[in-house]
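Here are the chains, one letter per residue:
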Amino acid sequence: MLEQAPDTEWPEAWLMPDGECSDQKGLNQREPNVAVTVEELKDLGICYWKLDATAYEYPALAVPWNPSDAVDPKLSQLRDERGYSYADIITVHPDTLPEYDTKVKAFFEEHIHDAEEIRYILGGSGFFDVRNKSDQWVRIHVKAGDLMTLPEGIYHRFTVDENDRIHAMRLFIGQPVWTPFNRPCEEHESRVKYIREYLEEKKVDA
Ligand code: KMT
Ligand code: NI
């Protein structure tokens, strides 16, 4: 099994200030900053591997991209172990993504999916925000080489940062379904499952 990255290699994460986020591409740290630990990210169901994105070439855009074409042995190992059968590669940048501003706004709507969200960052950077157990926003700064998975049913959103560019591979098990279910969707079975698996107090047998 390909081991996840040691804690020291995980992306930086911090709590965002409470309330509306008026500047989605900014760092949005608290004053003083409150770092979020890797342990806390793992407890939310997040997984993380570090790959070398600079050692291999990837197209700027490939929809789809055949995961069998992976040359990086770490990527092909993850693909095989985790059953990633679909991939595509996109570049979110004003020059390459039609209707950039609309899409960047849409990615930032709080939502869940009925499957794991798997993102491999090939270049550029951005923020994945996830809700922690107290329903606060945790901002995770992803960069080239980061392969991160968000579990099915976790409330999250994405934005580019102030550099306005991210080059990313989106992976999927089976036929891709990117449908977001916007919050609130507490009755959605993926949400129910996430709450049961990650948010409820674990009952210890007497
Ligand atoms: C998402 O999940 O919001 C996206 O796919 C955005 C681009 S990938 C970093
Ligand atoms: Ni999503």
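Thresholds applied
Residues numbered from 1 in each chain as written. Chains lettered and ligands numbered in written order. Predicted model: local features only at pLDDT ≥ 70, side-chain atom pairs only at ≥ 80, totals over all residues. Heavy atoms only, no water. UniProt positions renumbered as here; feature names shortened; annotations may be inferred. Near = heavy atom within 4 Å. Polar contact = N/O pair within 3.5 Å; in protein donor to acceptor, adjacent residues only side chain to side chain. Areas by Shrake-Rupley, 256 points an atom, 1.4 Å probe, with all protein chains shown as cover. Donors = N, O, S within 2.8 Å, 3.2 Å for Na, K, Ca; no water. Tetrahedral: all angles 85-135°; square planar, octahedral: opposite > 155°, others 65-115°. Buried < 20%, exposed > 50% of the residue type's maximum accessible area, 1.4 Å probe, protein only. Phe/Tyr/Trp six-rings, centres within 6.5 Å; stacked < 30°, edge-to-face > 60°. Helix = DSSP H or I, 4+ residues; strand = E, 2+ residues; numbered from the N terminus. Lys NZ or Arg CZ within 6 Å of the ring centre and 35° of its normal. Lys, Arg positive; Asp, Glu negative; His and termini not counted. Salt bridge = Lys/Arg side-chain N within 4 Å of Asp/Glu carboxyl O. Contact = heavy atoms within 4.5 Å.

The name given to the protein chain in an unreviewed UniProt entry is Acireductone dioxygenase, and the organism recorded there is Cyclotella cryptica. Under the heading Sequence similarities (unreviewed entry), UniProt records this for the protein chain: "Belongs to the acireductone dioxygenase (ARD) family."

Peer 1: Can you help me understand the site of ligand 1 in this one?
Peer 2: Every residue close to ligand 1 is listed here: Ile 90, Phe 107, Glu 117, Arg 119, Phe 128, Phe 158, Ala 168 and Arg 170. A distance of 2.9 Å separates an oxygen atom of ligand 1 from a polar atom in the side chain of Glu 117. Between Arg 119 and ligand 1, the recorded distance is 3.0 Å, taken from a side-chain N or O atom to an oxygen atom. Protein chains shield 96% of the accessible area of ligand 1, which is 290 Å² for the free molecule.

Peer 1: Honestly, the coordination of the nickel ion (ligand 2) in this entry has me stumped. Any pointers?
Peer 2: The expected angle between donors at a tetrahedral four-coordinate metal is 109.5 degrees. At an octahedral six-coordinate metal it is 90 or 180 degrees. Within the protein, the atoms that donate to the nickel ion (ligand 2) are His 111 (NE2), His 113 (NE2), Glu 117 (OE) and His 156 (NE2), at distances of 2.0 to 2.1 Å. Taken together, the 4 donor atoms surrounding the nickel ion (ligand 2) define angles of 81 to 171° at the centre, an arrangement classified as irregular. Between the donor residues of the nickel ion (ligand 2), the gaps in sequence give the motif H-x1-H-x3-E-x38-H. Using a relative accessible area of 9% as the deciding quantity, one classes His 113 as buried.

Peer 1: What is the right way to look at the packing of aromatic side chains in this model?
Peer 2: Both the distance between ring centres and the angle between the ring planes are used here to describe each pair of aromatic rings. Summed over the entire model, instances satisfying the criterion amount to 9 aromatic pairs. Taking 6.1 Å as the distance between ring centres and 70° as the angle between the ring planes, the aromatic pair formed by Phe 107 and Phe 158 counts as edge-to-face. Here Phe 107 is found in helix H3 (residues 100-107), whereas its partner Phe 158 is found in strand S8 (residues 156-160), with 51 residues between them in sequence. Phe 107 sits in the partly exposed class, given a relative accessible area of 27%. Note on Phe 158: relative accessible area 10%, which makes it buried. Among the aromatic residues, those joined into a ring-pair cluster are Tyr 58, Trp 65 and Tyr 120. Sitting over the face of the ring of Trp 137, Arg 157 holds its NZ or CZ atom 3.9 Å from the ring centroid. Looking at Arg 183, its charged tip hangs above the ring of Tyr 155, at a distance of 4.4 Å from the centre.

Peer 1: Help me understand the side chain of Asp 161, please; the structure alone is not making it clear to me.
Peer 2: Inspection of the secondary structure assignment puts Asp 161 in the loop between S8 and strand S9 (166-172). Among buried Asp, Glu, Lys and Arg side chains, Asp 161 stands out as unpaired, with Lys 143 the closest opposite charge at 7.0 Å. Of the polar contacts made by the side chain of Asp 161, one reaches the side chain of Ser 125; its length is 2.6 Å. Side-chain polar atoms of Asp 161 contact the backbone nitrogen of Asn 163, separated by 2.9 Å. Ignoring any residue separated from it by four or fewer positions in sequence, one finds Asp 161 in contact with Lys 25, Ser 125, Gly 126, Phe 127 and His 141.

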